[in-house]
Amino acid sequence: MSRNFITPIGDEGIYTLDTGSWRTFRPIMNKDNCVECGICMSFCPVGSITGNKQKIYAIDYKFCKGCGICAYECPSKAIDMVKEGD
Ligand code: SF4
Ligand code: SF4
């Protein structure tokens, strides 16, 4: 399923924002430390973290803007922010 994140701007209608292109840092999830609580998914402002019925969480980089909120909120410190391209 493809997802678009849209926002109304001015009086010219709706624009799609390519928030993934804003990213300078990339969140990397360390599955060994993850306790599958889902808090990161709740806080991600662009819905880039998804979970399934088995509570396996993953980051979709298509719209991830690299804000680092997920890493900040993770109680297990299971997400590291690394410089894009490293
Ligand atoms: S907040 Fe941290 S521990 Fe919880 S699901 Fe996300 S990465 Fe895993
Ligand atoms: S860095 Fe920001 S946009 Fe990317 S997954 Fe984490 S909370 Fe979402």
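Just so you know, these numbers come straight off a predicted model, no measurement behind them.

The rules behind these values
Residues numbered from 1 in each chain as written. Chains lettered and ligands numbered in written order. Predicted model: local features only at pLDDT ≥ 70, side-chain atom pairs only at ≥ 80, totals over all residues. Heavy atoms only, no water. Near = heavy atom within 4 Å. Nonpolar A, V, L, I, M, F, W, Y, C, P; charged D, E, K, R; others polar. Helix = DSSP H or I, 4+ residues; strand = E, 2+ residues; numbered from the N terminus. Contact = heavy atoms within 4.5 Å.

> Describe in detail the site of ligand 1, supporting the description with residues and values.
What surrounds ligand 1 is a group of 13 residues, the closest being Cys-34, Cys-37, Gly-38, Cys-40 and Cys-74. Counted by class, the shell around ligand 1 contains ten nonpolar, two polar and one charged residues.

> Run through the environment of Lys-65, naming residues and quoting values.
For Lys-65, the position within the fold is in the loop between strand E5 (57-59) and helix H2 (69-73). Spatially, the C-alpha atoms of Lys-65 and Ser-48 are 8.9 Å apart, while their sequence positions differ by 17 residues. Lys-65 has contacts with Thr-19, Trp-22, Arg-23, Pro-45 and Val-46, leaving out every residue within four places of it along the chain.

> Tell me what's going on with the site of ligand 2, and back it up with residues and numbers.
Lining the immediate environment of ligand 2, one finds Pro-27, Cys-44, Pro-45, Val-46, Ile-49, Cys-64, Lys-65, Gly-66, Cys-67, Gly-68, Ile-69 and Cys-70. Split into classes, the residues belonging to the shell around ligand 2 amount to nine nonpolar, two polar and one charged.

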